[in-house]
Amino acid sequence: MLEAATNLAVLTGAGVSEESGVPTFRGPGGLWRQFRPEQLATPQAFERDPLLVWEWYDWRRQKIAAVEPNPAHRALAELEKRTPEFALITQNVDDLHERAGSRRVYHLHGNIWLLHCMGCQWQERNREVPLSTLPPRCRHCGALMRPGVVWFGEPLPRKAWSAANEAAEAAHVFLVAGTSALVQPAASLPLIARDAGARLIEVNRDETPLSPLADVSLRGPAGEVLPQLL
Ligand code: OAD
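Residues numbered from 1 in each chain as written. Predicted model: local features only at pLDDT ≥ 70, side-chain atom pairs only at ≥ 80, totals over all residues. Heavy atoms only, no water.

A short note on the side chain of arginine 146
Counted only if it meets this: Segments assigned H or I by DSSP are reported as helices when at least four residues long, segments assigned E as strands when at least two residues long, and all are numbered from the N terminus. Polar contacts here mean pairs of N or O atoms no more than 3.5 Å apart (in protein, one a potential hydrogen donor and the other a potential acceptor; neighbouring residues in sequence count only if both atoms are side-chain atoms). Throughout, a residue-residue contact means that at least one pair of heavy atoms, one from each residue, lies within 4.5 Å.
Looking at the secondary structure, you find arginine 146 in strand E6 (residues 145–149). Within the structure, arginine 146 has its side chain in polar contact with the backbone oxygen of valine 149 (distance 2.7 Å). Apart from residues lying up to four places away in sequence, arginine 146 is in contact with Phe46, Trp54, Leu114, Leu115, His116, Met118, Trp151 and Glu154.

Points about the state of the cysteines
This is how the line gets drawn: Whenever a pair of cysteine sulfur atoms sits within 2.5 Å, that pair is classed as a disulfide. Accessibility here uses a 1.4 Å probe with only protein chains present; expressed as a share of the type maximum, an area under 20% marks a residue as buried, one over 50% as exposed, and anything in between as partly exposed.
Enumeration over the complete set of coordinates arrives at zero disulfides. No disulfide involves cysteine 120; its sulfur sits 3.8 Å from that of cysteine 138, the nearest cysteine. On the accessibility criterion, cysteine 138 (5% relative accessible area) is buried.

A word on the site of the ligand
Which entries qualify depends on this criterion: We call a residue near a molecule or strand whenever a single non-hydrogen atom of that residue lies within 4 Å of it. The Shrake-Rupley method, run with a 1.4 Å probe sphere, supplies the accessible areas, and residue values consider only the shown protein chains as cover. The nonpolar class holds Ala, Val, Leu, Ile, Met, Phe, Trp, Tyr, Cys and Pro. Asp, Glu, Lys and Arg form the charged class, and all remaining residues, Gly among them, are polar.
In the vicinity of the ligand, 22 residues are found, and the nearest of them are Arg26, His109, Thr179, Ser180 and Asn204. Measuring from an oxygen atom of the ligand, one finds a side-chain N or O atom of histidine 109 at 2.7 Å. Protein contacts shield 95% of the accessible area of the ligand, which totals 790 Å² for the unbound molecule. In terms of residue class, the shell around the ligand is built from seven nonpolar, 10 polar and five charged.

Details of the packing of aromatic side chains
Applicable threshold: Pairs were defined over the aromatic rings of Phe, Tyr and Trp, the Trp ring being its six-membered one, requiring ring centres within 6.5 Å. Orientation was assigned from the angle between planes: stacked under 30 degrees, edge-to-face over 60, tilted for the rest.
Summed over the entire model, instances satisfying the criterion amount to six aromatic pairs. Ring plane angle 70° and centroid distance 6.5 Å describe the contact between phenylalanine 25 and tryptophan 56, whose orientation is recorded as edge-to-face. Placement of the pair is phenylalanine 25 in the loop between helix H1 (15–18) and helix H2 (37–40) and tryptophan 56 in helix H4 (residues 50–66), with a sequence separation of 31 residues. For phenylalanine 25, a relative accessible area of 28% gives the class partly exposed.

Some remarks on the nonpolar core
Keep this limit in mind: By convention a nonpolar core is built from buried Ala, Val, Leu, Ile, Met, Phe, Trp, Tyr and Cys residues, the set being connected through side-chain atoms within 4.5 Å.
Tyr57 and Trp151 are the most contacted members of the largest nonpolar core, which totals 27 residues. Listed by contribution, the elements that provide at least two residues to this core are helix H3 (43–48), H4, strand E4 (110–117) and E6.

Here it is as structure tokens:
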């Protein structure tokens, strides 16, 4: 299926960065202190306790800064080189796909290295780890800065979402790797692709709601399965 496909779209989730050492959101290791991501990754949580939310993001930033891309990231970068039309759609806010060499990457849930000012809307790229001041303040207006990520209940970045939709509709094969396929609207992309005629391949350590719908479901660590597939 992959050999025949000249147009390939891939959707990744936290599972592809797990073998690099970045904690996933759900399942064992998904907890930070006693909190679930659903309790922290919301505008309401940030309003209530920006310091707590920032401490969690600062912890994740430190993890991401300290790790390297793994064979799953590298296999996807190689797949891009071999496929005429290729799009990598990711729910991950880390930059491990880019660091592995992927070029066309659509970040549906934003970028953990971006900071947005809640006051004057100033945006900046900031790779300081750990951040020297928590919560960070805008250098221009002094207002609170927030992480440049998408929280529950917020819309996805419009450009990335429409590019992801177009890629899903055009794909001959849609490959899903390392996502629980529970968070909408990202989880709808494989179904959009399938309705438009794509074959579905899933790579995951466990079964997901997508598994019964996939043409091929490969069970195992992405860092092993994706290089084998390649
Ligand atoms: P989850 O933590 O929900 O799911 C990770 C998935 O990867 C699970 O299905 C695991 O079985 C699988 N997995 C774990 N390790 C793996 C490995 N080494 N190889 C293959 N599969 C593995 O992460 P996401 O699906 O990415 O959003 O979560 C989606 C969104 O929910 C995230 O982007 C984040 C989160 O809340 C926001 O913060 C908005």
